[in-house]
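Remarks on the overall topology
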There are 2 protein chains.
Amino acid sequence: MASIKDVAAAAGVSVATVSRVLNDHPSVSAAARTRVLAAVRDLDYRPNAVARSLRTDQTRTLGLVISDVMNPYFTELARSVEEEARALGYSVIIGNADERPDLQDHHVRTLLDRRIDGLLVSPTDGGSPLMLDAARGGTPMVFVDRWIPGVDVPVVRSDGRAAVRDLVAHLHGLGHRRLAIIAGPAATTTGRERVDAFREALALYGLDLPGAYVGQGDFQAESGRRVTEGFLDLPEPPEVVFAADNLMALGALDAVRARGLRVPRDIALAAFDDIRWFVHTDPPVTAIAQPTGELGRAAVRALVDRVEGRPGASVTLPARLVVRRSCGAPPAENPAKNRSTS
Amino acid sequence: MASIKDVAAAAGVSVATVSRVLNDHPSVSAAARTRVLAAVRDLDYRPNAVARSLRTDQTRTLGLVISDVMNPYFTELARSVEEEARALGYSVIIGNADERPDLQDHHVRTLLDRRIDGLLVSPTDGGSPLMLDAARGGTPMVFVDRWIPGVDVPVVRSDGRAAVRDLVAHLHGLGHRRLAIIAGPAATTTGRERVDAFREALALYGLDLPGAYVGQGDFQAESGRRVTEGFLDLPEPPEVVFAADNLMALGALDAVRARGLRVPRDIALAAFDDIRWFVHTDPPVTAIAQPTGELGRAAVRALVDRVEGRPGASVTLPARLVVRRSCGAPPAENPAKNRSTS
DNA sequence: GGAATGCATGGAATCGATTACATCGACGTG
DNA sequence: CACGTCGATGTAATCGATTCCATGCATTCC
């Protein structure tokens, strides 16, 4: 592969001049510029990004460490992150932590070794020493979706409290009184917050959230299934199961179906995180939708701000309730809500 | 951030010795080794992968250019690719082409600039000059899922012909005679092959595939919807719609539902590519399942073989039919087939 | 006309690693 | 005892870019 030296030789100039042409530095004669450009074309020359990065100490690359790529919510997040980054002239390297702290650490370490310019993380746990060090050590960093309390890093996330209140109002209005939740891992902020929001919303209606109605999940489908089976085995099973993410809702659906029961006739179901498939499930699932694309784009903007020396602020966007049929009573008000928005 | 020089100074040795310790070269005294290791620990030193790559001319990174990350099939493929690559000591940079040749080219170019060691591609089109050049120019490369005919690059894919025959047998057995297909882009191998396989299978039963029953899609949900609407508008609509990928099946489901029709009562539906959500749709969708994880792993192995100087062979794995309820007649034989395999 | 200014250009240092080659001392052998 | 061998180590070149500094030349201004 041709290097800058070959181009210089072919154009009859020094490597310095070639470099200047490539970075369009003003001080190059038109003659030299055209000769260099011709040589570049002839040799099919492309600058070696590795060498450039070594010298300039910037890779124009962002790292994204995500909790679980197979979760459609995170897939969409990753997609929007890559799009916005590309628009700003950055590439993205994605690391899939699969909800495992050790894998998360592995990816953070590799990304740091590669000297990425900035790091976008949705932490799987309370934060490894490695990540804490990185944050303190000056690596530009932004948390997205989840965050680690007490670390001075901007957070881009959505606030589901209002939407959870709407959901509980909806459920209460349908006559449901025994409401249960499949929680996410307590080590994650979203895991804790969604339970808290749910409990607070219930309190507004004078409803209690007994310990037996809080099942510990891990944001994966299998745990949703397991917890739901536990709920169904209770002497007094809940009337509604609220899953703290879409995969656990899927597991819950499996569990209900495996018992030969029907949603919402025998038990109602709602989920945090709306995904396009929920329109097509049997029945369509009522869910709380985050503005995923917006989150991804805002996170990249905040991170790039940091990378390029600007402040880079936290962002909180509201989530909203999308009513479908999984809690009973079809949404008579506005059928358009049921359509996929693609 | 500490460099190898700092470590050398702290340990009282030369950078060469530090490098030897790090790459465990035999010729280092035990005393020097321990001093270096101590310095590494003290300084929290991590070798700069950029500098190392420049010198050694290898990045231990693979590029994966995928047609569409939002398609669960490709998401799963990407995940298995990353896993296998990690096991072999490589990182993966994913580029999402979104079925757009220009984006595909953009990613290939960036990856090449970054001097990735090898490239895994599921081409969106017949092949840009850029990719052809890269293939000829010695960049280790492997095609996965789709490929470009006439290019000397190993292909890792699955053969759906037998499964398509099984599907047509199943449909014929259920009494369906008017079968239509939503095809993928003619520029892709999978787009063409699936239509061919379908036509051939129909021929075995003396059935024809009229032009009106072949709708041109682009592997995206919206095209599935559009094509299906066209089918439903026909004076004699088909009894079955076979979508050449899962997203177009989703669009077809939308279109059918929008008319107030029911699957499979009014029209049957089948899809290429099985995804976990098909278990939960209304009704569960009969699909052809590829061994996605195996494909991803085999592709990485083939690519790494090439990168490391070994031959690297093509692999073809069989797909299989998974019968559910979207074509009529519940699968009485074996209810286990209906369960999600997680 | 001479000094000053500015532009175009090239030489060489530099980024942080790896590695060929040189050096040096210890040891074994004839 | 002299010489060859081998292991441990350091010096310096190298990868492919960017960029500081010096130089040469033309233009401008007094």
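Before reading further, recall that the structure is shown in the block above.
So, a few notes on the structure that sits alongside this text. This is a predicted model, so every value here is computed, not measured. (Residues numbered from 1 in each chain as written. Chains lettered and ligands numbered in written order. Predicted model: local features only at pLDDT ≥ 70, side-chain atom pairs only at ≥ 80, totals over all residues. Heavy atoms only, no water.)

**Some points on the overall build of chain A**
When helices and strands are counted, chain A shows twelve helices and twelve strands. Rg of the C-alpha trace for chain A: 25 Å, well past the compact-globule value of 20 Å for 342 residues, more than 25% over. Residue burial in chain A is summarised as follows: out of 342 residues, 56% are buried. Here the analysis covers contacts within chain A between residues at least 6 apart in sequence; of these, 69% occur between residues at least 24 apart. Summed over all atoms, the accessible surface of chain A reaches about 14,000 Å², with 51% contributed by carbon and sulfur. (Helix = DSSP H or I, 4+ residues; strand = E, 2+ residues; numbered from the N terminus. Rg over C-alpha atoms; globule rule 2.2 N^0.38 Å. Buried < 20%, exposed > 50% of the residue type's maximum accessible area, 1.4 Å probe, protein only. Contact = heavy atoms within 4.5 Å. Areas by Shrake-Rupley, 256 points an atom, 1.4 Å probe, with all protein chains shown as cover.)

**Description of empty space enclosed by the protein**
Under the criterion given, the structure shown has five cavities of 30 Å³ or more. As a volume, the largest cavity reaches approximately 220 Å³. For the lining of the largest cavity, the secondary structure elements donating two or more residues are α5 (72–87) and β2 (91–96) of chain A together with α5 (72–87) and β2 (91–96) of chain B. Class assignment for the residues of the lining of the largest cavity results in six nonpolar, six polar and four charged. (1 Å grid on protein atoms, 1.4 Å probe; cavity = no way out; pocket = protein on both sides within 12 Å on 5 of 7 lines; lining within 4 Å. Points joined across faces, edges and corners; volume = space filled by probe spheres on them. Nonpolar A, V, L, I, M, F, W, Y, C, P; charged D, E, K, R; others polar.)

**A few points about the relation of the copies chain A and chain B**
For the match of chain A to chain B, the screw axis carries a shift of 0.0 Å, the RMSD comes to 0.1 Å, and the turn is 180°. On this basis, the relationship between the two copies can be described by a two-fold rotation axis. For chain A, the smallest separation between a C-alpha atom and the rotation axis is recorded for threonine 281 of chain A, amounting to 2.0 Å. In this assembly the copies share their binding face: 100% of the residues contributing to the interface of chain A also contribute to that of chain B. (Least-squares fit on C-alpha atoms with pLDDT ≥ 70 in both.)

**Notes on the environment of glycine 206 of chain A**
Structurally, glycine 206 of chain A is set in the loop between α9 (189–204) and β7 (214–216). C-alpha of glycine 206 of chain A to C-alpha of arginine 177 of chain A: the two residues are 29 residues apart in sequence and 9.8 Å apart in space.

**Observations concerning the interface of chain A and chain B**
Between chain A and chain B, the contact holds 57 residues from the first and 57 residues from the second. Summed over both partners, the interface of chain A with chain B buries about 4,900 Å², with 55% contributed by carbon and sulfur atoms. The interface formed by chain A and chain B contains four salt bridges. One salt bridge in this structure joins arginine 79 of chain B and aspartate 98 of chain A, with 3.0 Å as the shortest N-O distance. On the surface where chain A and chain B come into contact, there are 19 residue pairs in polar contact (both at pLDDT 80 or more). If you list the elements that add at least two residues to the side of chain A that touches chain B, you get α4 (49–56), α5, β2, α6 (101–113), α10 (221–233) and α11 (246–258) of chain A. Considering every element that reaches the side of chain A that touches chain B, the biggest residue donor is α5 of chain A, with seven residues. (Buried area = accessible area lost by both parts, 1.4 Å probe. Salt bridge = Lys/Arg side-chain N within 4 Å of Asp/Glu carboxyl O. Polar contact = N/O pair within 3.5 Å; in protein donor to acceptor, adjacent residues only side chain to side chain.)

**Comments concerning the sheet that holds strand β8 (residues 240–243) of chain A**
Residues and elements named next belong to chain A. In space, the six strands of this open sheet follow the order β7-β6-β8-β9-β10-β12, with mixed pairing throughout. One side of each edge strand has no neighbouring strand; the edge strands of this open sheet are β7 and β12 (320–322). Averaged over all neighbouring strand pairs, the angle between strand axes comes to 20°, with direction disregarded. Packing of helix α8 (residues 161–173) onto the sheet brings it into contact with β6 (179–183), β8, β9 (268–272), β10 (286–289) and β12, and relative to β12 it is tilted by some 35°. With respect to the sheet, α11 is in contact with β6, β8 and β9, its orientation differing from that of β9 by roughly 160°. (Pairing = 2+ DSSP bridges. Axes fitted to C-alpha atoms, helices over the stretch in contact; angles between N-to-C directions.)

**Re the protein's contact with DNA strand D**
In the region of DNA strand D, 28 residues are neighbours, and Ile4, Ser19, Asn48 and Arg55 of chain A together with Arg20 of chain B sit closest. The sugar-phosphate share of atoms of DNA strand D within 4 Å of the protein amounts to 56%. The contact in question runs from a phosphate oxygen of DNA strand D to an N or O atom on the side chain of arginine 52 of chain A, over 3.0 Å. Within the side chain of arginine 55 of chain A, a nitrogen or oxygen atom sits 2.4 Å from a base oxygen of DNA strand D. If one sorts the elements of the surface near DNA strand D by residue count, α4 of chain A sits on top with five residues. When its residues are assigned to classes, the surface near DNA strand D shows twelve nonpolar, ten polar and six charged. (Near = heavy atom within 4 Å.)

**Things to note about unusual backbone geometry**
Of the consecutive residues valine 263 of chain A and proline 264 of chain A, the connecting peptide bond is found in the cis state with omega at 0°. Its location among the elements puts proline 264 of chain A in the loop between α11 and β9. With an omega dihedral of -5°, the bond running from aspartate 282 of chain B to proline 283 of chain B counts as a cis peptide bond. Of note, proline 283 of chain B is situated in the loop between β9 (268–272) and β10 (286–289). Phi angles above zero are rare outside glycine, and arginine 115 of chain A is one such case at about 55°. In this fold, arginine 115 of chain A is placed in the loop between α6 and β3 (118–121). On the accessibility criterion, arginine 115 of chain A (17% relative accessible area) is buried. The phi dihedral of aspartate 145 of chain B falls on the positive side, at around 70°, and the residue is not glycine. Its location among the elements puts aspartate 145 of chain B in the loop between β4 (141–144) and β5 (155–159).

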